[in-house]
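Here is what each chain is made of, one letter per residue.
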Amino acid sequence: MGDVLAGFHAAWEFDSDSVLIRFERGIRTPKLFQALGERRIPHEALAAVTLTPGKRGTVVLHAVPRPGADPLMAAAAGQLKDSSDPYRLVLPAERETLAEYYADELRPLLGPASDAEEFLVPPPEGPLQFKAYDGKASFDGRTVSYRWFWTGASSAKWKAGDQRFPVGDLADVEWRSPEVFDGHLRLLRRTPAAAQPAQADQDPAAVVFGLGYGPVHESLPFAAAVLAAVRSSGPSADSTPRTPARRDPADIADRIRHLGELHQAGLLTDAEFTSKKAELLAEL
């Protein structure tokens, strides 16, 4: 093919073996797109292509990635909003016929709908770093480092000291979006000396997010790069990540009280308060 289809915030170039997505840079472009710059998606990394009506006179061309093919989407684990999904191209409605043509051309070239056995899309390039609420996270391609901030880190993290995690010692990465309550980045070790604390703010293998800290466009590419390095390092004798212990009921009660304060202050809607309270109660 080799043709280009331009939409809002991105343009897709259709090559013989892949789709090259180039993201625009501008104040209206989602910050995650700007951080990614461009991404080359092999045809075998895609399971389907759809074209659906969008909002306000637009159509949406969506290339659906195979589960496990893209470290970014694997790390996101379904938490990205549609507006930040790098596989969605929003186009003016008058380009619907052209978009359908490219979708029809692309569909016969796609991979199977089954899970990919390995990552097929290159991860974000390092070195990477970002500021969380309680520390600074850095990754040089081989080791993840946490340096704690005295203004935000818990006493448990200060006691443990700054941390370094070689990717070979890790089994998985857990990213919880900073746009929801209790956002964090947690590293799950292959053979931890003890069960990791359930609370991210007490776990030296986790950094917690907050207002202005660990934004999606910084923390998600970081998590994806670490996840890709962990997977490429190969399994160990015990590669099954350990499940964090269940939370202390007293901690759950404190967090529900905090949610109630945010709700009374008008910072959470009734629906948000009910949903997040249910999430916490489910962890008992």
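Numbering of residues starts from 1 in each chain and follows the order in which that chain's sequence is written. Only residues with pLDDT of 70 or above have their local features reported here, since the model is predicted, and side-chain atom pairs are shown and tallied only from 80 upward, although totals for entire chains, interfaces and linings are computed over all residues. With hydrogens and water set aside, each side-chain value is computed from the structure's full complement of heavy atoms.

Peer 1: With reference to specific residues and values, describe the overall build of the protein chain.
Peer 2: Within the protein chain one finds 7 helices and 14 strands. A buried classification covers 45% of the 284 residues belonging to the protein chain. Summarising the internal contacts of the protein chain: among those between residues at least 6 apart in sequence, 60% fall at separations of at least 24. Working definition of accessibility: Shrake-Rupley area with a 1.4 Å probe, residue cover restricted to the visible protein chains. Looking at the protein chain as shown, the accessible area adds up to about 14700 Å², and 51% of this sits on carbon and sulfur atoms. For helices the rule is a DSSP run of H or I covering at least 4 residues; for strands it is a run of E covering at least 2, with both sets numbered from the N terminus onward. Any residue under 20% of the maximum accessible area for its type is buried, any over 50% is exposed, and the rest in between are partly exposed; the area is computed with a 1.4 Å probe on protein chains only. Pairs of residues are marked as contacts when any of their non-hydrogen atoms sit within 4.5 Å.

Peer 1: Can you break down the packing of aromatic side chains residue by residue, with the values?
Peer 2: Under the pairing criterion, centres of Phe, Tyr and Trp rings, with the six-membered ring standing for Trp, must be within 6.5 Å; the plane angle then separates stacked pairs below 30 degrees from edge-to-face pairs above 60, leaving the rest tilted. What the rule picks out here adds up to 10 aromatic pairs. Judged by centre distance (4.7 Å) and plane angle (25°), the ring pair of F23 and F33 falls under stacked. Of this pair, F23 sits in strand β3 (residues 18-23) while F33 sits in helix α1 (residues 31-36), and the two are 10 residues apart along the sequence. The two residues F23 and F33 agree in class, both being buried. Cluster of aromatic residues (ring-pair linked, three or more members): W12, F14, Y101 and Y102.

Peer 1: Can you tell me about the sheet that holds strand β14 (residues 206-208), naming the residues and giving the values?
Peer 2: Pairing between two strands is assigned when DSSP locates at least 2 bridges connecting them. Sheet architecture is open: 3 strands sit in the order β12-β13-β14, paired in antiparallel fashion. The open sheet has two edge strands, β12 (170-176) and β14, and neither has a second partner. The average angle at which neighbouring strand axes cross in this sheet is 10°, direction not considered. With 6 bridges connecting them, β12 and strand β13 (residues 184-189) associate as antiparallel partners. Paired with D172 across the strands is L188, a residue of β13. To obtain each axis, a line is fitted to C-alpha atoms, and for helices this fit is confined to the stretch in contact; angles are then taken between N-to-C directions over 0 to 180 degrees. Here helix α5 (residues 216-232) sits on the sheet in contact with β12 and β13, set at roughly 160° to β12.

Peer 1: I'd like a description of the nonpolar core, backed by residues and values.
Peer 2: Judged by nonpolar contacts, the single largest core of 65 residues is most densely connected at L61, Y146, L185, L187, L220, F222 and V226. The leading source of residues in this core is α5, at 11 residues. Sequence-distant contacts of L185, that is, excluding residues within four places in its chain, are made with F130, Y146, V173, E174, W175, A205, A206, V207, F209, F222 and A223. Within this scheme, the nonpolar core is defined by two criteria: the residues are buried Ala, Val, Leu, Ile, Met, Phe, Trp, Tyr or Cys, and they are joined through side-chain atoms within 4.5 Å.

Peer 1: Tell me about the sheet that holds strand β4 (residues 38-42), residues and numbers included.
Peer 2: One open sheet accounts for 4 strands, arranged β1-β2-β3-β4; its pairing is antiparallel. Each having just a single partner strand, β1 (4-6) and β4 make up the two edges of the open sheet. Ignoring strand direction, the axes of neighbouring strands in this sheet form an average angle of 20°. Helix α3 (residues 96-106) contacts β1, β2 (10-14) and β3 of the sheet and is inclined by roughly 135° relative to β1.

Peer 1: An account of α5 is requested, with residue identities and associated values reported.
Peer 2: For an α-helix, the turn length of 3.6 residues means that residues three or four places apart are oriented alike. The terminal C-alpha atoms of α5, which comprises 17 residues, lie 24 Å apart, in line with the 24 Å expected from a rise of 1.5 Å per residue. Burial analysis of α5 places 13 of its 17 residues in the buried class, which makes it a mostly covered element. Following α5 by one or two positions, G234 adopts a phi angle in the positive range, close to 90°. For a helix, the expected span equals 1.5 Å multiplied by the residue count minus one.

Peer 1: Tell me about the pairing of strand β5 (residues 46-53), and please be specific about residues and values.
Peer 2: The pairing of β5 with strand β6 (residues 58-65) spans 7 bridges and is classified as antiparallel. The partner of V49 across the bridge, within β6, is A63.

Peer 1: Residue-level account of the pattern of salt bridges, with values.
Peer 2: A side chain of one charge can pair with a side chain of the opposite charge if their charged atoms are brought near each other. Any Lys or Arg side-chain nitrogen found within 4 Å of a carboxyl oxygen on Asp or Glu counts as a salt bridge. Per the stated rule, a full pass over the model turns up 11 salt bridges. A salt bridge links R186 to E174; its shortest N-O distance comes to 3.0 Å. You can see R186 sitting in strand β13 and its partner E174 sitting in strand β12, a full 12 residues away along the chain. For E174, a relative accessible area of 28% translates into the label partly exposed. Here the salt bridges share partners, and the residues they tie into one network are E13, R22 and E38.

Peer 1: Hey, could you go over the environment of L5 for me, with residue numbers and the actual values?
Peer 2: Mapped onto the elements of the fold, L5 is located in strand β1. Looking at L5, the relative accessible area reads 1%, which means it is buried. It is 8.4 Å that separates the C-alpha atoms of L5 and Y102, two residues lying 97 residues apart in sequence. Beyond its immediate stretch of four places on either side in the chain, L5 contacts A10, A11, W12, F14, L61, L89, L91, L98, A99 and Y102.

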